[in-house]
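Given next are the chains, with one letter for each unit.
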Amino acid sequence: MPVSKTYHEINEKIQKGNAVVLTAEEVAEMAKTASPEEIVEKVDVVTTATFGAMCSSGAFINFGHSSPPIRMEKIRMNGVPAYEGLAAVDTYIGATACSSKNPQYGGAHVIEDLIAGKDIALEAWGKGTDCYPRKHIKTRVNKDTVNEMFLFNPRNAYQNYNVAVNSTQNTIFTYMGTLLPNMRNATYSTSGELSPLLNDPEFKTIGIGTRIFLGGTTGYVVWPGTQFHTTKPKDENGVPVTNGATIAVIGNMKEMNTEFIRAAYYEKYGTSLFVGIGIPIPVLNVEMARRVSINNSQIQTSVLDYGISGTPKIAQVNYAQLRSGEITVNGQKIRTAPVASLSKARLIADTLKKQIEKGEFFLQEPVQMFPTNTSLNGLKGTD
Amino acid sequence: MKIVKRRYVLKFPPQSGDKPLSYVLVKEYDININILKAEVIPGKRGNLLLELIGRKSNIDKGIEYLEANNVVCSPLDKKIKFNQDKCINCGNCTAVCFAGALTMHPETWELQFNKKECIVCELCVKACPLNLFDIDFHNGN
């Protein structure tokens, strides 16, 4: 009878300090000589991680009320616009919002500066109402003065992502980095066999309520991420060969650390936020053991031409090839480079592993699983 | 005598086009020179990234000769600033570095910066999402 375990049983082992925890890279190595049946017996939890630029990220903040109070109807934080439609002193600042004075400084930088404990210049305007008579406020806020600040990222940790090349004669500047002409470089962003959603491609353990590592503290998966797509083309292992599903995540920014959350600016693109995410995957059964055993040579992704409208797919490669430093596309050898940090992802996977081994981090069974058979709508212009 | 390779950023004063300085380096000091980057604005200034290969004593003398002719010579690595403490090892800079100065370590996946290989193309300055590179080819000493 094959071994199967429950969350409760694994958490009991964690409590006793005898849970066996490996990173996804370690278990991929182990799987070269061990079968899924052996792995489910030996391993309880596999830690996965990613540290990449995730544009769909942002923070909810409550500033507290001034005296007299103001109903903030236009808000700037260090010159960056923050959302004004959330009651009087709540806001949401998105990572890609930019300062009009300095386009290289955006919401992502405000978030990093807040986490770092720096003061942020806050300016807000209101029309003045009977209950909120103040029309203008200029002040400084930081992590200690605000009531709450929590990261709520609608779309993070893409399950696989494309490789970007540029076949045109001109250099182009993208969120996948600087793409040189004539396909002289190729960039990729996923942490491959260490990537969270590639180790549980059918979402058997990751769902609403999953406890995760987020930006240096504990966070949670709160919803399927936006553009949650489960019916993209898959390989023989059932793993999507292009960007598929995503997760929405939440966590207390006051407990975060700039080691794991960093602001970015991409030339001629704008700002974004590097987000560090780690997800523990319980090895509940043989099926999950098989899933977490996946290695870089078994994970395929699509090479897209970012120089051409519609970014057509021109090749398919695997992560072992990408990591080798060179891929071959239509007979042309192309140098590869990552645009997400594998060394940081490894640090996160290792940190989470140690937290679980020490009994500081327990697994949370999802309270609801994600939907299946989802696809996406496009957007038609009427102009 | 040991043959060494050095890279210098040379800053030429406005009136320096009348002397064949590089010819003298080759002829008098037996230095193999390779111009890796040049930017000349007539009447204003000229900047050159020069690779010098030769005996160390000759290169030192050659540099002394250039400086005696009002050419400011700065070793290349002094012209490149990289804020390594803040680097997250994302790899964006390695995507554009064709000189091979910026590479990812194949095991640790940490950034390795071999300044001696830099050709001051400056593509990394814009490619770094954290703005950690500062390369001073155009101005100053």
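Residues numbered from 1 in each chain as written. Chains lettered and ligands numbered in written order. Predicted model: local features only at pLDDT ≥ 70, side-chain atom pairs only at ≥ 80, totals over all residues. Heavy atoms only, no water.

S.K.: Please provide a residue-by-residue account of the domain arrangement of chain A, values included.
M.R.: Accessible area lost on assembly of the parts is the figure often given for the size of an interface. Residue and element names in this part refer to chain A. Along its sequence, chain A is organised into domain 1 (7–55 + 152–357) and domain 2 (64–146). Taken together, the contact pairs 16 residues of domain 1 with 19 residues of domain 2. When domain 1 packs against domain 2, close to 1,400 Å² is buried across both sides, 67% of that on carbon and sulfur atoms. For the interface between domain 1 and domain 2, the tally reads 1 salt bridge. Note that Glu112 and Arg262 form a salt bridge whose closest N and O atoms lie 3.7 Å from each other. Inspection of the domain 1/domain 2 interface yields 5 residue pairs in polar contact (both at pLDDT 80 or more). Mapped onto the side of domain 1 that touches domain 2, the elements with two or more residues apiece are β9 (148–156), β17 (261–266) and β18 (270–282). Per-element accounting of the side of domain 1 that touches domain 2 gives the leading share, 5 residues, to β17. Looking at the side of domain 1 that touches domain 2 residue by residue, the classes come out as 10 nonpolar, 4 polar and 2 charged. (Domains from an automatic or database assignment. Contact = heavy atoms within 4.5 Å. Buried area = accessible area lost by both parts, 1.4 Å probe. Salt bridge = Lys/Arg side-chain N within 4 Å of Asp/Glu carboxyl O. Polar contact = N/O pair within 3.5 Å; in protein donor to acceptor, adjacent residues only side chain to side chain. Helix = DSSP H or I, 4+ residues; strand = E, 2+ residues; numbered from the N terminus. Nonpolar A, V, L, I, M, F, W, Y, C, P; charged D, E, K, R; others polar.)

S.K.: Lay out the pattern of salt bridges with the relevant residues and their values.
M.R.: Residue and element names in this part refer to chain A. Under the criterion given, the structure shown has 22 salt bridges over all chains. Residue Glu259 pairs with Lys344 through a salt bridge whose shortest N-O separation is 3.5 Å. Note that Glu259 is positioned in the loop between β16 (247–252) and β17 and Lys344 in helix α7 (residues 342–357), a separation of 85 residues in sequence. Overall, Lys344 belongs to the buried group, its relative accessible area being 9%. A salt bridge links Lys354 to Asp350, with the nearest nitrogen and oxygen atoms 2.9 Å apart. Of the two residues, Lys354 and Asp350 are both situated in helix α7; the distance of 4 residues between them amounts to about one turn of the helix. Its relative accessible area of 42% is what places Lys354 among the partly exposed residues. For Asp350, a relative accessible area of 28% puts it in the partly exposed group. (Buried < 20%, exposed > 50% of the residue type's maximum accessible area, 1.4 Å probe, protein only.)

S.K.: Would you mind going over the packing of aromatic side chains in detail, with residue names and values included?
M.R.: In this structure the tally under the stated criterion is 18 aromatic pairs over all chains. With a centroid separation of 6.3 Å and 75° between ring planes, the pair formed by Tyr266 of chain A and Tyr269 of chain A is classed as edge-to-face. Given a relative accessible area of 3%, Tyr266 of chain A falls into the buried group. Tyr269 of chain A sits in the partly exposed class, given a relative accessible area of 39%. Members of the aromatic cluster, connected to one another through ring pairs, are Tyr158, Tyr161, Tyr175, Tyr266, Tyr269 and Tyr306 of chain A. Residue placement shows Arg323 of chain A over the ring face of Trp109 of chain B; its charged tip is 5.7 Å from the ring centre. The ring of Phe260 of chain A has Lys344 of chain A sitting right over it, with the charged end atom 5.9 Å from the ring centre. (Phe/Tyr/Trp six-rings, centres within 6.5 Å; stacked < 30°, edge-to-face > 60°. Lys NZ or Arg CZ within 6 Å of the ring centre and 35° of its normal.)

S.K.: Please give an account of helix α1 (residues 7–16) of chain A that cites residues and values.
M.R.: Residue and element names in this part refer to chain A. Three or more residues of α1 are buried, namely Tyr7, Ile10, Asn11 and Ile14. Buried residues of α1 fall within an arc of 100° about the axis and therefore sit on the same side. Among the exposed residues of α1, those oriented more than 90 degrees off its buried face are His8, Gln15 and Lys16. Looking at the packing, one finds that the buried side of α1 touches β2 (45–53), β18 and α7. Looking at the residues trailing α1, positive phi occurs at Gly17, about 80°. (Arc of directions from axis to C-beta.)

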